Amino acid sequence: MNVKQVLGMQVLDNEANLIGKVSDFEFEEISGQITHFIVSQKAGLLAHNELAISFEDIDSIGDYILLKLLFPI
């Protein structure tokens, strides 16, 4: 799977609640490894909140990204 396939993918918590969609990534400068997924949440008609989700908090990636934790909405 490449980065282009993950951008825009829905992110769900461990109870399948929609958290948002992947909008960007954070990389470690030296190794180039992805450390965080940036998830955009709708906060209103035109506003968005962004969350940094650690790569370690991801349970699986398939048709969507499933987190290991319950996320307060």
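Procedures and definitions
- Residues numbered from 1 in each chain as written.
- Predicted model: local features only at pLDDT ≥ 70, side-chain atom pairs only at ≥ 80, totals over all residues.
- Heavy atoms only, no water.
- Helix = DSSP H or I, 4+ residues; strand = E, 2+ residues; numbered from the N terminus.
- Buried < 20%, exposed > 50% of the residue type's maximum accessible area, 1.4 Å probe, protein only.
- Pairing = 2+ DSSP bridges.
- Axes fitted to C-alpha atoms, helices over the stretch in contact; angles between N-to-C directions.
- Contact = heavy atoms within 4.5 Å.
- Phe/Tyr/Trp six-rings, centres within 6.5 Å; stacked < 30°, edge-to-face > 60°.

The chain carries the name PRC-barrel domain protein in an unreviewed UniProt entry, which gives Methanobrevibacter curvatus as its organism.

Engineer: So what about unusual backbone geometry? Which residues, and what values?
Structural biologist: Positive phi outside glycine occurs at Ala16, with the angle close to 65 degrees. Relative to the helices and strands, Ala16 resides in the loop between strand E1 (10-12) and strand E2 (18-27). Among the residues examined, Ala16 registers a relative accessible area of 52% and is labelled exposed.

Engineer: So, the sheet that holds E1: which residues are in play, and what are the values?
Structural biologist: The strand order across the open sheet built from six strands is E4-E3-E2-E1-E6-E5, with neighbouring strands paired in mixed fashion. One side of each edge strand has no neighbouring strand; the edge strands of this open sheet are strand E4 (48-54) and strand E5 (58-61). Across the sheet, the mean angle from the axis of one strand to that of its neighbour is 35 degrees, orientation sign disregarded. In this structure, E5 lies alongside strand E6 (residues 65-67), joined through three bridges in antiparallel fashion. Bridge pairing in E6 places Ser60 opposite Leu66.

Engineer: Residue-level account of the side chain of Ser54, with values.
Structural biologist: Take Ser54: it is sitting in strand E4. Ser54 has contacts with Thr35 and His36, leaving out every residue within four places of it along the chain.

Engineer: Could you give me a rundown of the packing of aromatic side chains, with the residues and numbers involved?
Structural biologist: Scanning the model with the defined rule gives three aromatic pairs in all. With centroids separated by 6.2 Å and ring planes inclined at 50 degrees, the aromatic side chains of Phe25 and Phe27 adopt a geometry described as tilted. Aromatic ring contacts, followed pair by pair, group Phe25, Phe27, Phe37 and Phe55 into a single cluster.

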